[in-house]
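# Structural overview
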Amino acid sequence: MKKSMKPGTMLNPLPVVLVSCADGTEDNLITIAWTGIINSNPPITYVSVRKSRKSHKMIENSGEFVINLVTEDMVRETDFCGVKSGRDVNKFQVCGLEREKADIVKAPMLAKSPLNLECVVKEVKEFPSHDMFIAEIVAVHGEEGLFDERGRFCLDRANLISYSHGEYFGLKRHPLGSFGYSIMKPKTRKRRNREKMKRR
Ligand SMILES: Cc1cc2nc3c(=O)[nH]c(=O)nc-3n(C[C@H](O)[C@H](O)[C@H](O)COP(=O)(O)O)c2cc1C
């Protein structure tokens, strides 16, 4: 039996990321949970941002941003950048976060993040509460230490976090299966597990 609830934004769990943006004179960080992928080739993502956020204006004016994935040791900064506005504090400075220069966009990348996605806005869809910035991912940068000896990027080693119903969660400790495992041949599964164990 289920109990009916008021229609709402109950989709969980969600990603949580730090988005960096800049407007020519200053830069800023905003925590975003309303993000996702909407096309594979070209790679298209979105971030939904309330008009009232300082970052909204910066992304609107520059047409650019960087999605920085966040890890277990970035939870405090992630929360802080989601409760404080760049109008009142310099979040880079208060959190002691270092910038890295992006290749294409002017917004800085977060050095501490294991993966940075440079994004160029293609379209803005206005909704009553949030504007959806639809953007092409034009460059991707992965932490060197996360590449294995065969050159594969091992994001499973990065200790990424997610956000669910008001709480931050680590993903690392309870892997329940990987993409396609439900139809994988036993031989392939064993080989994959062996490879994974080697990487840990
Ligand atoms: C976990 C979490 C997720 C959030 N997700 C969003 C989001 O998807 N869109 C949004 O507009 N604000 C979101 N916020 C709120 C903004 O991050 C927050 O209002 C921030 O202080 C805005 O900063 P700014 O004014 O410097 O841009 C989120 C906050 C938290 C803590």
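Scroll up for the structure.
Scoring rules and cut-offs
- Residues numbered from 1 in each chain as written.
- Predicted model: local features only at pLDDT ≥ 70, side-chain atom pairs only at ≥ 80, totals over all residues.
- Heavy atoms only, no water.
- Pairing = 2+ DSSP bridges.
- Helix = DSSP H or I, 4+ residues; strand = E, 2+ residues; numbered from the N terminus.
- Axes fitted to C-alpha atoms, helices over the stretch in contact; angles between N-to-C directions.
- Contact = heavy atoms within 4.5 Å.
- Near = heavy atom within 4 Å.
- Polar contact = N/O pair within 3.5 Å; in protein donor to acceptor, adjacent residues only side chain to side chain.
- Areas by Shrake-Rupley, 256 points an atom, 1.4 Å probe, with all protein chains shown as cover.
- 1 Å grid on protein atoms, 1.4 Å probe; cavity = no way out; pocket = protein on both sides within 12 Å on 5 of 7 lines; lining within 4 Å.
- Sits in = over half its atoms within 2 Å of the grid points.
- Phe/Tyr/Trp six-rings, centres within 6.5 Å; stacked < 30°, edge-to-face > 60°.
- Buried < 20%, exposed > 50% of the residue type's maximum accessible area, 1.4 Å probe, protein only.

### Thoughts on the sheet that holds strand 6 (residues 64-69)
- The seven strands lie next to each other as 3-2-6-9-10-5-4, forming an open sheet whose pairing is antiparallel. With partners counted over all chains shown, the strands left at the sheet margins are strand 3 (27-32) and strand 4 (35-39), one partner each. Averaged over neighbouring strand pairs, the angle between their axes works out to 35 degrees when direction is ignored.
- Pairing geometry for strand 5 (residues 44-50) and strand 10 (residues 130-142), over seven bridges, is antiparallel. By the bridge assignment, Val-47 is partnered in strand 10 with Phe-133.
- Relative to the sheet, helix 2 (residues 75-83) contacts strand 2 (17-22) and strand 3, its axis offset from that of strand 3 by approximately 105 degrees.

### Details of the site of the ligand
- Near the ligand, the surroundings consist of 22 residues, among which Asn-28, Ser-48, Ser-55, Ser-85 and Gly-86 are the closest.
- Note that a nitrogen atom of the ligand is positioned 3.0 Å from one of the backbone N or O atoms of Ala-33.
- Within the complex, 89% of the 650 Å² of free accessible area of the ligand lies under protein.
- In this structure the site holding the ligand corresponds to the second largest pocket.
- Taken together, the elements giving at least two residues each to the shell around the ligand come down to strand 3, strand 5, helix 1 (54-62) and helix 2.
- Considering each element in turn, the shell around the ligand owes the most residues, four residues, to strand 3.

### Points about the sheet that holds strand 12 (residues 167-170)
- Across the sheet, which stays open at both edges, the three strands sit in the order 1-11-12 with antiparallel pairing between neighbours. In this open sheet, the two edge strands, each paired with only one partner strand, are strand 1 (14-15) and strand 12.
- Sheet analysis places strand 1 next to strand 11 (residues 161-164), joined by two bridges and oriented antiparallel. Each residue of the ladder has a partner; that of Leu-14, found in strand 11, is Tyr-163.

### Quick look at the packing of aromatic side chains
- Taken as a whole, this structure holds two aromatic pairs when the rule is applied.
- Measuring from ring centre to ring centre gives 4.9 Å for Phe-147 and Phe-153, while their planes differ by 50 degrees; the resulting arrangement is tilted.
- Ring centres of Tyr-163 and Tyr-168 lie 5.3 Å apart, and the angle between their planes is 40 degrees; on these two criteria the pair is classed as tilted.
- A relative accessible area of 26% means that Tyr-163 is categorised as partly exposed.
- A relative accessible area of 28% means that Tyr-168 is categorised as partly exposed.

In short, geometric facts, not functional conclusions.
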